[in-house]
Amino acid sequence: LVLLLLLAMVAGRPLSVQEIKSFYPFQKEVPHTLRYRSMPDIVASNATLREAAAHTHLYMGAASNFYTLHNSSEPQYKATYTAQYSLTTAENGCKWSPTEPAQSSFNYTQCDSVYADAAAANITFRGHNLCWGAHNPDWLTRPHFPLDTLKQLLQGHVQAVMRHYRGQAYCWDVVNEAVTDNATDPGLFKPADPWFPAYQDYVYDAFHFAADAGTSAVLFYNDYGGEGMNTKSDKIFHLMQTMQQKGIPVGGVGFQLHVHVDYFPSFDDVEKNMIRLGQLGLKVHITELDVACPPPCDEDKQAAVYGGYLALCLKHSHCESFETWGFTDRHTWLSSFNNPHHIDMKPLPFDNNYQKKKAFFEMLAVLTAAKNSN
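Fair warning: this is a prediction, and the values are worked out from it, not measured in the lab.

Caption draft 1: Representation of the environment of Val 30. Within the fold, Val 30 resides in the loop between α2 (17-23) and α3 (40-44). Of the residues examined, Val 30 reaches a relative accessible area of 16% and is grouped as buried. The spacing of Val 30 and Phe 267 is 237 residues in sequence and 8.9 Å in space, taken between C-alpha atoms. What Val 30 contacts, discounting residues up to four positions off in sequence, is Phe 264, Phe 267, Lys 301, Ala 304 and Val 305.

Caption draft 2: Representation of the packing of aromatic side chains. All told, the structure shown has 25 aromatic pairs when counted by the stated rule. Relative to Phe 361, the ring of Phe 360 has its centre 5.4 Å away and its plane inclined at 80°; by these criteria the two rings are edge-to-face. Each residue in the set Tyr 77, Tyr 81, Tyr 85, Phe 327, Phe 350, Phe 360 and Phe 361 is aromatic and connected to the rest through ring pairs, giving one cluster. When the ring centre of Tyr 224 is taken as reference, the NZ or CZ atom of Lys 232 above it lies at 3.9 Å. Positioned over the ring face of Phe 237 is Arg 276, at 4.7 Å from the centre of the ring.

Caption draft 3: Geometry of the pairing of strand β5 (residues 218-223). Among the six residues that make up β5, six are buried, leaving the element largely enclosed by the rest of the structure. In β5, alternate side chains face the same way, and those of Val 218, Phe 220 and Asn 222 on one face and Leu 219, Tyr 221 and Asp 223 on the other are all buried. Chirality of the crossover, the property in question, places the unit of strand β4 (residues 169-176), helix α11 (residues 202-212) and β5 among those that are right-handed. Of the strand pairs in this sheet, β5 and strand β6 (residues 252-255) are connected by four bridges, and their pairing is parallel. Paired with Asp 223 across the two strands is Phe 255, which belongs to β6. On the question of chirality, the crossover connecting β5 to the parallel β6 by way of helix α12 (residues 231-245) is right-handed.

Caption draft 4: Examining the packing of α11 against α12 more closely. With their axes 11 Å apart at the nearest point, α11 and α12 run at an angle of 55° to one another. One way to sum up the angle between α11 and α12 is to call them oblique. When you trace α11 past α12, the crossing you get is right-handed. Facing Val 203, Tyr 204 and Phe 207 of α11, the residues of α12 in contact are Leu 239, Thr 242 and Met 243. Among the residues making up the contact of α11 with α12, the classes are represented as five nonpolar, one polar and no charged.

Caption draft 5: Structural context of the confidence of the model for the chain. Per-residue confidence for the chain gives a mean pLDDT of 93, with 96% of residues at or over 70. Here residues 1-12 is a poorly scored stretch, pLDDT under 50, and it has 23 contacts once near neighbours within four places are set aside; other chains count.

Caption draft 6: Up close: α11. The buried count for α11 comes to eight of eleven residues, which makes it a mostly enclosed element. Looking only at α11, the buried set comprises Tyr 202, Val 203, Tyr 204, Asp 205, Ala 206, Phe 207, Phe 209 and Ala 210. Buried residues in α11 make contact with β3 (124-132), α10 (147-164), β4, β5 and α12.

Caption draft 7: Spotlight on the pattern of salt bridges. Counted according to the given criterion, the structure contains 16 salt bridges. Between Glu 320 and Lys 283 there is a salt bridge whose closest N-O contact spans 2.9 Å. With a gap of 37 residues between them, Glu 320 in strand β9 (residues 319-324) and Lys 283 in strand β8 (residues 283-292) connect regions that are remote in the sequence. Take Lys 283: its relative accessible area is 25%, and that puts it in the partly exposed class. Three or more residues joined by partner-sharing salt bridges are found here, namely Asp 181, Lys 190, Asp 223 and Lys 232.

Caption draft 8: Structural view of unusual backbone geometry. In this structure, the amide linkage connecting Phe 196 to the following residue, Pro 197, adopts the cis form with an omega of 15°. Inspection of the secondary structure puts Pro 197 in the loop between β4 and α11. For Ser 104, which is not a glycine, the phi torsion comes out positive at approximately 65°. Of note, Tyr 354 is a non-glycine position whose phi angle comes to about 65°, a positive value.

Caption draft 9: Structural context of the state of the cysteines. With the rule as written, the count across this model stands at three disulfides. Disulfide pairing is shown between Cys 293 and Cys 297; the S-S distance is 2.0 Å. Where Cys 293 bonds to Cys 297 through sulfur, the torsion about that S-S bond is close to 100°, and the disulfide is right-handed. Sequence-ordered numbering of the bonded cysteines in the chain gives a disulfide pattern of 1-2, 3-4, 5-6. With no disulfide partner, Cys 131 has as its closest neighbouring cysteine sulfur the one in Cys 94, 15 Å distant. Left unpaired, Cys 171 is separated from the closest cysteine sulfur, that of Cys 94, by 12 Å. Among the residues examined, Cys 171 registers a relative accessible area of 0% and is labelled buried.

Caption draft 10: Geometry of the nonpolar core. If you look at the biggest cluster of nonpolar residues, it comprises 112 residues, and the most contacted ones within it are Leu 154, Trp 172, Val 175, Tyr 202, Phe 207, Leu 239 and Phe 322. When neighbours within four sequence positions are excluded, Trp 172 is seen to be in contact with Cys 94, Gly 127, His 128, Leu 130, Val 161, Met 162, Tyr 165, Ala 217, Val 218, Leu 219 and Phe 220. One finds Ala 292, Trp 333, Leu 334 and Met 345 within the second-largest nonpolar core, a separate group that totals seven residues.

Analysis parameters
All residue numbers refer to positions counted from 1 along the written sequence of the respective chain. Two thresholds apply to this predicted model, a pLDDT of at least 70 for residue-level local features and 80 or more for giving and counting side-chain atom pairs, whereas whole-chain, interface and lining totals are computed over all residues. To get the side-chain values, all heavy atoms of the structure are used, and hydrogens and water are removed first. By definition, any uninterrupted DSSP run of H or I lasting at least four residues is a helix, any uninterrupted run of E lasting at least two residues is a strand, and each is numbered from the N terminus. Partly exposed residues are those whose accessible area sits between 20% and 50% of the maximum for their type, while under 20% is buried and over 50% is exposed, using a 1.4 Å probe and protein chains only. Residue contacts follow a heavy-atom distance rule, with two residues in contact if any of their heavy atoms lie within 4.5 Å. In this scheme Phe, Tyr and Trp rings, the latter by its six-membered ring, pair at centre separations within 6.5 Å, and the angle between planes marks the pair as stacked below 30 degrees, edge-to-face above 60, and tilted otherwise. Sitting over a ring, as applied to charges here, requires NZ of Lys or CZ of Arg to be within 6 Å of the ring centre and within 35 degrees of the ring normal. A crossover gets the label right-handed when its path from the first strand over the helix to the second runs clockwise, viewed with the strands pointing away from the viewer. A pair of strands is labelled paired if DSSP reports no fewer than 2 bridges between them. Only the contacting stretch of a helix is used when fitting its axis, a line to C-alpha atoms as for every element, and angles between N-to-C directions run 0 to 180 degrees. Under this scheme an angle from 65 to 115 degrees is roughly perpendicular, one under 35 degrees roughly parallel, and one over 145 degrees roughly antiparallel; angles in between are oblique. In this scheme the crossing of two helices becomes right-handed for a clockwise turn of the near helix relative to the far one and left-handed for an anticlockwise turn of less than a right angle. Gly is put with the polar residues, along with every residue not named as nonpolar or charged; the nonpolar set is Ala, Val, Leu, Ile, Met, Phe, Trp, Tyr, Cys and Pro, and the charged set is Asp, Glu, Lys and Arg. Confidence scores labelled pLDDT are given residue by residue by the predictor and lie between 0 and 100. Only one rule defines a salt bridge in this text: a Lys or Arg side-chain nitrogen within 4 Å of an Asp or Glu carboxyl oxygen. Here, two cysteine sulfur atoms that lie within 2.5 Å of each other are counted as a disulfide. Nonpolar core, defined: a set of buried Ala, Val, Leu, Ile, Met, Phe, Trp, Tyr and Cys residues in which side-chain atoms within 4.5 Å join the residues together.

Have a look at this one:
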């Protein structure tokens, strides 16, 4: 277990499916009663997730991909996305590599395009991300800049991107995946090229720079593996407390929730964590949910995981966004990431042919039940 967590820590990226099985507890059953089974009208209807959520406090979101949005041979992608969702994140188009591919030379083509498509469909735009220890351009990671230069580069990037989207981005993931995965590590942060350990205060400074950009965007810290109650979530909670004590502006925490149908943090633990963050005055967003379900996939169990997390978010007004990392099994990072045999992980609410799965109907049923109870 420690070896797997160290590998993830060094790589600076989300856990693979095999690592998820070690990181999250095995869950034989899902403590969520499926609602769609007793609501046949839901299955037969043409209702959308965004319509059903409109009567709640919640954004229903999905990450969208610049290239697929503009693939004329696959119009179903954009049509499904714009019909079903009220919030989006550019899957990769707003990260450091595409937005600052050369030092002090900015290119907003991908990020602008995703934003424009969202705005045209009245979809709220969620910015992701301004600082991360992965997927950075070679010019940033190879030269080993001195500390003063790193600080200038971080400030310049964060503020340039935020100001470019002033009044357009509802929020930004200012820092992504900085906290260590290693439960035995006495420190708080993991190695993050080029930031840590060379630049000890990079997380705190990134939030200061973001606040000084002069926009109204809510500033988020986003991570995986700390959604329930465990050592990592304790570290994230401590980070939030420390930032507040230092007067560092932070508005919320993103729960990624890349999980497996049999391995995921319990709803009770996620709720406890959500509540304690809310008591700090912080918002919580579900930011990158997908539920890997390799063959033979138990779609009812997958639907219960989706429905259970959605019902939990609906219970708490500071959980404002419920977003999946993509929406169709045809386009998921799990198809290729640490998946040499290209097993179909079927993690999302629409299948490879854009047909609605049980997970979709369960989320629709949960949202409809919430609407009817108001």
